[in-house]
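# Survey of secondary and tertiary structure
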Amino acid sequence: MLVLSRRVDESMFIGDDIKITVLDIRGGQVRLGIIAPESIKVHREEVYNRINKDTQS
């Protein structure tokens, strides 16, 4: 696992076309903004797991 430190308004890229920006940090929560092509699906982990569970049934 790659671990990066970022501050509010700082970004990182995954490949050439996925950009993740730290929008806000409050207490134990971080708000992220994600720009990705429409062909890339972006889900929170619990939603991703539920989708995969439903697909396997």
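In the block above lies the structure referred to throughout.
Everything quoted here is computed from the prediction, not taken from an experiment.

## So, the overall build of the protein
Within the protein, the regular secondary structure consists of one helix and three strands. Along the chain direction, N to C, the helices and strands of the protein fall in the order β-β-β-α. Across its three principal axes, the protein shows a C-alpha extent of roughly 40 × 30 × 20 Å. Taking all 57 residues of the protein together, the buried fraction comes to 12%. For the protein, the share of sequence-separated contacts (at least 6 apart) that also reach a separation of at least 24 residues comes to 0%. Taken together, the 9 basic and 9 acidic charged side chains of the protein have centroids lying 5 Å from each other.

## Observations regarding the pattern of salt bridges
Under the criterion given, the structure shown has three salt bridges. Residue Arg6 pairs with Glu10 through a salt bridge whose shortest N-O separation is 3.6 Å. The partly exposed category is assigned to Glu10, whose relative accessible area is 28%. A salt bridge links Arg44 to Glu46; the shortest N-O distance between them is 2.7 Å.

## Considering a nonpolar patch on the surface
On the surface, Val8, Ile25, Val30, Leu32, Ile34, Ile40 and Val42 cluster together into a nonpolar patch covering about 580 Å² of accessible area. The biggest single contributor to the nonpolar patch is strand S3 (residues 29–35), with three residues. Locating Ile34 in the fold gives a position in strand S3.

What counts and what doesn't
- Residues numbered from 1 in each chain as written.
- Predicted model: local features only at pLDDT ≥ 70, side-chain atom pairs only at ≥ 80, totals over all residues.
- Heavy atoms only, no water.
- Helix = DSSP H or I, 4+ residues; strand = E, 2+ residues; numbered from the N terminus.
- Buried < 20%, exposed > 50% of the residue type's maximum accessible area, 1.4 Å probe, protein only.
- Contact = heavy atoms within 4.5 Å.
- Lys, Arg positive; Asp, Glu negative; His and termini not counted.
- Charge placed at Lys NZ, Arg CZ, Asp CG, Glu CD.
- Salt bridge = Lys/Arg side-chain N within 4 Å of Asp/Glu carboxyl O.
- Patch = residues over 30% accessible without salt bridge, like charges linked within 9 Å, V, L, I, M, F, W, Y side chains within 5 Å.
- Areas by Shrake-Rupley, 256 points an atom, 1.4 Å probe, with all protein chains shown as cover.

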